[in-house]
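Structural overview for review
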Amino acid sequence: MTAAIIEKDKLGGTCLHRGCVPTKALLHSAEVADVAREGATYGINSSVESIDIVAVNAFREKLVAGKHKGLQGLIKANGITVFEGEGRLASPNTVQVGADTIVGKNVVLASGSYSRSLPGLEIGGRVITSEHALELQEIPKKVIVLGGGVIGVEFASVWRSFGAEVTIVEGLPHLVPNEEESVSKQLERAFRKRGIDYKLGVRFQGVTQDDSSVTVTLEDGTTLTADYLLVAVGRGPATAGLGYEEAGIEMDRGFVLTTERLATNVPGVYAVGDIVPGLQLAHRGYQQGIFVAEEIAGLNPVVVADVNIPKVTYCDPEIASVGLTEAKAAEQYGAENISSYEYNLAGNAKSSILGTAGTVKAVRLNDGPVLGVHMIGARVGELVGEAQLIVNWEAYPEDVAPFVHGHPTQNETIGEAMLKLAGKPLHAI
Ligand SMILES: NC(=O)c1ccc[n+]([C@@H]2O[C@H](COP(=O)([O-])OP(=O)(O)OC[C@H]3O[C@@H](n4cnc5c(N)ncnc54)[C@H](O)[C@@H]3O)[C@@H](O)[C@H]2O)c1
């Protein structure tokens, strides 16, 4: 097929330029600071003299620039035409970009998302979003993070590693409230230990700011003062003013409604990524892109449900999960029909070497497949690959239990959970 991309900013979008990639670079700088600080534990005489935020930013920018160059090269080498400018859907099969009118047999809407705020909470000055937070030329001494979701805990983690005093305000009773409850509780304990403060179950009421500080009032009457307020209360679909409604596309609060096969109600028009209700994750967007390309090519691809898409939150300690939480599994199948096992990383040699606490919890349907895996601890994001194969292949613990895991690796913890759920506990009672 012949393909064209219309892009008003830079190829790679939020993930490459303002999201996943630069924030993970920042988190890696934070990890290096922590490793230097904890050197003595491993017999290394090291300490953190200072954090050079200019150099931290330079590392991140260079990394992003390299990936951007690679991506541009791939697009070119694969014969994809790029139109620079803001596209507008002029009719179901026509996109207008400045003076260019591009006609396609199919159009795929992939306009992404933006950091949203709350009514009455204006972004500007010392009230910032994740995009501004990435670009800060200083390390705040004190910062308030509004929202204890993914972005909130990742930035809280970075700033704490860089020496800031951090307070997270989360309206729901737990940090990362969409994760397994035991994972949220462990994160709260770990953050408390790291000196990250948080206020749970309390909502934001108002904010004032001057040249040097910002003061936040919460609904319980608490006031907090800091150098910056990071607003991390979710992302909204970037669909306004792009002609979607005018072209007759069915929308709901700015999101584009699609079938399970990502088709909109307008024939030939598909939507992928953050503008489609559900998980707002880059890798979900990639998978949806592949799906739609195959669908248009008539290859009848298999739908991947959101629940089977892995999630990784790169705070310290890291969180990774795929599939149903125990509560969701009980709701869906009845509590009496499911079993779970939580293996403590304290029993794993590699976890002890890495100096991490945490758990790997697996949930199964009795006499049935593994429904979910939920992990917290250093580098558990690297374990979610195996977990997602188990869940997506609907493997039974009995199928996985005989497979051998390299030793000593943290992967063994997944093996331990499978052995236990298969009724053959190894390093467990
Ligand atoms: N590592 C990753 O995969 C990654 C990293 C960054 C962002 N993202 C994605 O980007 C999207 C946006 O991230 P996010 O962290 O902004 O959203 P989120 O939905 O993960 O978290 C927002 C949090 O703000 C809380 N909140 C909302 N209104 C509030 C109020 N008035 N007072 C107090 N708390 C309030 C919510 O309860 C929620 O916990 C998410 O879908 C996330 O998955 C993913």
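Residues numbered from 1 in each chain as written. Predicted model: local features only at pLDDT ≥ 70, side-chain atom pairs only at ≥ 80, totals over all residues. Heavy atoms only, no water.

The name that an unreviewed UniProt entry assigns to the chain is Dihydrolipoamide dehydrogenase, with the source organism given as Leucobacter aridicollis. Under the UniProt heading Sequence similarities (unreviewed entry), the entry covering the chain gives this text: "Belongs to the class-I pyridine nucleotide-disulfide oxidoreductase family." Within the UniProt record for the chain, the comment given under Cofactor (unreviewed entry) is "FAD". (UniProt positions renumbered as here; feature names shortened; annotations may be inferred.)

Before going further, it helps to spend a moment on the domain arrangement of the chain. When its domains are assigned, the chain resolves into domain 1 (4-113 + 236-306), domain 2 (127-233) and domain 3 (317-421). Between domain 2 and domain 3, the C-alpha centre-to-centre distance is 29 Å. Per-residue buried area on domain 2 facing domain 3 is highest for Glu180, Val183 and Gln186; these three make up 57% of the total on that side. One can count one salt bridge joining domain 2 with domain 3. Inspection of the domain 2/domain 3 interface yields five residue pairs in polar contact (both at pLDDT 80 or more). Across the side of domain 2 that touches domain 3, the residue classes break down as four nonpolar, three polar and two charged. (Domains from an automatic or database assignment. Buried area = accessible area lost by both parts, 1.4 Å probe. Salt bridge = Lys/Arg side-chain N within 4 Å of Asp/Glu carboxyl O. Polar contact = N/O pair within 3.5 Å; in protein donor to acceptor, adjacent residues only side chain to side chain. Nonpolar A, V, L, I, M, F, W, Y, C, P; charged D, E, K, R; others polar.)

All right, on to unusual backbone geometry then. Between Asp316 and Pro317 the backbone carries a cis peptide bond, its omega angle lying at 0°. Tracing the chain through its elements places Pro317 in the loop between strand E20 (311-313) and strand E21 (319-323). Here His407 and Pro408 are connected by a cis peptide whose omega angle stands at -5°. Along the chain, the position of Pro408 falls in the loop between helix H11 (397-400) and helix H12 (412-421). Even without glycine at this site, Val176 takes up a positive phi of about 30°. Tracing the backbone through its elements, the reader meets Val176 in the loop between strand E10 (165-170) and helix H6 (181-194). The phi dihedral of Glu394 is positive, around 50°, even though this residue is not glycine. With respect to the helices and strands, Glu394 occurs in the loop between helix H10 (384-392) and H11. (Helix = DSSP H or I, 4+ residues; strand = E, 2+ residues; numbered from the N terminus.)

Within the secondary structure, Gln186 sits in helix H6. In this structure the side chain of Gln186 is engaged in a polar contact, spanning 2.7 Å, whose partner is the side chain of Thr359. Once residues lying within four places of it in the same chain are set aside, the contact partners of Gln186 are Glu342, Gly358, Thr359 and Ile376. (Contact = heavy atoms within 4.5 Å.)

To continue, consider the environment of Arg18. For Arg18, the location among the structural elements is in the loop between helix H1 (13-17) and helix H2 (20-37). Linking Arg18 and Glu135, residues 117 residues apart in sequence, is a C-alpha distance of 9.3 Å. Beyond its immediate stretch of four places on either side in the chain, Arg18 contacts Asp9, Gly13, Glu131 and Leu134. Of note is the side chain of Arg18, whose polar atom sits 3.2 Å from the side chain of Asp9.

At their nearest, the axes of H2 and helix H3 (residues 53-77) sit 9 Å apart, and the two run at 140° to each other. The orientation of H2 relative to H3 falls into the category oblique. Here H2 runs over H3; the crossing is right-handed. Judged by residue contacts, Val21, Pro22, Ala25, Leu26 and Ser29 of H2 engage Val56, Phe59, Arg60, Leu63 and Val64 from H3. Residues that form the contact of H2 with H3 fall into these classes: eight nonpolar, one polar and one charged. (Axes fitted to C-alpha atoms, helices over the stretch in contact; angles between N-to-C directions. Parallel < 35°, antiparallel > 145°, perpendicular 65-115°, else oblique. Left-handed = near helix turned anticlockwise from the far one by under 90°.)

What follows is about the site of the ligand. The environment of the ligand is formed by 24 residues, the closest being Ile151, Glu170, Gly171, Gly234 and Val312. Within the backbone of Phe204, one N or O atom sits 3.5 Å away from a nitrogen atom of the ligand. In isolation the ligand exposes 850 Å². Once the protein is present, 82% of that is buried. Those elements that place two or more of their residues in the shell around the ligand are helix H5 (150-161) and E10. In terms of residue count, the dominant contributor to the shell around the ligand is H5 (three residues). Looking at which domains feed residues into the shell around the ligand, each of domain 1 (4-113 + 236-306) and domain 2 (127-233) supplies at least three. (Near = heavy atom within 4 Å. Areas by Shrake-Rupley, 256 points an atom, 1.4 Å probe, with all protein chains shown as cover.)

This paragraph deals with the sheet that holds strand E14 (residues 223-226). The three strands lie next to each other as E12-E13-E14, forming an open sheet whose pairing is antiparallel. Looking at which strands have only one partner, the edges of the open sheet turn out to be strand E12 (204-209) and E14. For this sheet, the mean angle separating the axes of adjacent strands, direction not counted, is 20°. Note that strand E13 (residues 214-218) and E14 share four bridges and pair antiparallel. (Pairing = 2+ DSSP bridges.)

Moving on: H10. By the burial criterion, the buried members of H10 are Val384, Ala387, Ile390 and Val391. Projected down its long axis, H10 carries its buried residues within an arc of 120°, all on one side. (Buried < 20%, exposed > 50% of the residue type's maximum accessible area, 1.4 Å probe, protein only. Arc of directions from axis to C-beta.)

What follows covers the environment of Leu218. The topology assignment puts Leu218 in strand E13. You can call Leu218 buried: its relative accessible area is 0%. Contacts of Leu218, omitting those with residues within four sequence positions, involve Val169, Lys199, Val202, Arg203, Phe204, Gln205 and Leu224.

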